[in-house]
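# Geometric and topological summary
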Amino acid sequence: MTEPPPAEIVAASPPGGDEAYAALFHGHFWGLVRLAHLLGADDPEDVVQNAFVRLHGKRGTLRDQNAALAYLRSTVCNASRSRLRHLRMARRRHVQLAAPGDVVSAEHQAVHREDIRALLDVVTGLPRRQREVLVLRYWLDLSERETAETLGIAVGTVKGHCGRAVAAIRDRLKERT
């Protein structure tokens, strides 16, 4: 019969067990889905599920097991960005094939006039990096440092993108009124 490992080894072992993984999934899945949705992913649940699958495959190789949530956020940001690039190319192709003069429905016009819709339109029109910084800072309420780590940029860059994004939103909303 073998002895159990010493307590120091157990304590130093990465918390990559099924219980820790399940707790991470249940605690953060829907928040990450909202993040993917705000970043523009058309299939946010799939993006997040794929991020968790990638984490599951790498959880034994993570240098810092406490960075799993940051890894998930970065993966969701990158996957959303890739998905948007793919959709942009597909839409360009669709526009080339679409019949000219498509008519917008009255329901669509009514929804478009709402203040929330106007704000989302302006945010969607921001450059990718500014949109990512805004979502991470103000939707997920991450600090500037956490936002910088998630996106792999400097804290000063986060501040600059955030300031320019807020100014652009303010100017564009003033233009609409």
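Note that the structure is a prediction, hence the values are computed from the model and not measured.

A separate point is the confidence of the model for the protein chain. Residues at a pLDDT of 70 or more form 79% of the protein chain, whose mean pLDDT is 80. The low-confidence segment residues 1-15, where pLDDT is below 50, has 4 contacts with residues more than four positions distant or belonging to other chains.

By the secondary structure assignment, Leu 151 is in helix 8 (residues 144-151). Ignoring anything within four residues of it in the chain, the contact list for Leu 151 reads Cys 77, Arg 81, Arg 129, Glu 132, Val 133 and Leu 136.

Under the definition given, this model contains 1 cavity of 30 Å³ or more. Considering only enclosed or pocket space, the largest cavity measures out at about 30 Å³ in volume. Considering the residues around the largest cavity, the lining is formed by Leu 39, Cys 77, Ser 80, Arg 81, Leu 84, Arg 128, Arg 131 and Glu 132. Looking at the lining of the largest cavity, the elements with two or more residues in it are helix 4 (68-97) and helix 7 (128-139). Its residues assigned to classes, the lining of the largest cavity shows 3 nonpolar, 1 polar and 4 charged.

Before going further, it helps to spend a moment on unusual backbone geometry. Positive phi values are uncommon outside glycine, yet Asp 141 reaches one of about 60 degrees. With respect to the helices and strands, the residue Asp 141 is situated in the loop between helix 7 and helix 8. What makes Asp 141 exposed here is its relative accessible area of 63%.

The rules behind these values
- Residues numbered from 1 in each chain as written.
- Predicted model: local features only at pLDDT ≥ 70, side-chain atom pairs only at ≥ 80, totals over all residues.
- Heavy atoms only, no water.
- pLDDT = per-residue confidence, 0-100.
- Contact = heavy atoms within 4.5 Å.
- Helix = DSSP H or I, 4+ residues; strand = E, 2+ residues; numbered from the N terminus.
- 1 Å grid on protein atoms, 1.4 Å probe; cavity = no way out; pocket = protein on both sides within 12 Å on 5 of 7 lines; lining within 4 Å.
- Points joined across faces, edges and corners; volume = space filled by probe spheres on them.
- Nonpolar A, V, L, I, M, F, W, Y, C, P; charged D, E, K, R; others polar.
- Buried < 20%, exposed > 50% of the residue type's maximum accessible area, 1.4 Å probe, protein only.

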